[in-house]
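Residues per chain are reported as follows:
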Amino acid sequence: MKTRVFNFTKLEQQIIKYLLLGYATKEIAAILKHSVHTVATYLKQLYIKLDIHHNFELTVHALYMGFSVDLSKREVFYNDVLI
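Residue positions are given per chain, counting from 1 as you read along its sequence in written order. Only residues with pLDDT of 70 or above have their local features reported here, since the model is predicted, and side-chain atom pairs are shown and tallied only from 80 upward, although totals for entire chains, interfaces and linings are computed over all residues. By convention in this description, side-chain values take in all heavy atoms of the structure and omit both hydrogens and water.

### Focus on the packing of aromatic side chains
Selection rule: In summary, the pairing rule links any two rings of Phe, Tyr or Trp, Trp by its six-membered ring, whose centres are within 6.5 Å, and it sorts them by plane angle into stacked for under 30 degrees, edge-to-face for over 60 and tilted for everything else. Numbered from the N terminus, helices here are DSSP runs of H or I no shorter than four residues, and strands are runs of E no shorter than two. Remark: exposure states derive from per-residue accessible area (1.4 Å probe, protein chains only) relative to the maximum for the residue type, with buried under 20%, exposed over 50%, and partly exposed in between.
Under the counting rule described, the total for this entry stands at four aromatic pairs. Seen from their ring centres, F8 and Y78 are 5.7 Å apart, and the 70 degrees between their planes marks the pair as edge-to-face. Here F8, found in the segment before α1 (10-20), pairs with Y78, found in strand β2 (residues 75-78); they are 70 residues apart in sequence, far enough to count as distant. Exposure class is identical for F8 and Y78. Each is buried. Among the aromatic side chains, those forming a connected cluster through ring pairs are F8, F67 and Y78.

Written as structure tokens, this is what we have:
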């Protein structure tokens, strides 16, 4: 089985970060100072990129692909780098 490598843009990483921390799309948009439509569009693009259909699947895939969460500090790392 071939391992797929994904290159996430900075904005994609930020959206994944806030999803992992439990934020809703509307909250993520406010934090990142983007419209809800923009965040929703990026989420759809992530779904297509990862061949998934729900935020739950996105969080599971993110953890599998190198994202990690320290909930006590509300920090998220991607490949051991704080994002």
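So that's the structure; there's more coming.
### Things to note about the nonpolar core
Rule in force here: In plain words, nonpolar cores are sets of buried Ala, Val, Leu, Ile, Met, Phe, Trp, Tyr and Cys residues tied together by side-chain atoms within 4.5 Å. Every residue pair with non-hydrogen atoms within 4.5 Å of one another is taken to be in contact.
Core analysis: the biggest nonpolar cluster contains 24 residues, and F8, I15, I16, I28, L43, L58 and F67 have the highest contact counts within it. Among the secondary structure elements, those contributing two or more residues to this core are α1, α2 (25-32), α3 (36-50), α4 (55-64) and β2. Broken down by element, the residue count for this core peaks at six residues, all from α1. Beyond its immediate chain neighbours, meaning those up to four positions away, I15 contacts I28, L32, V39, Y42 and L43.

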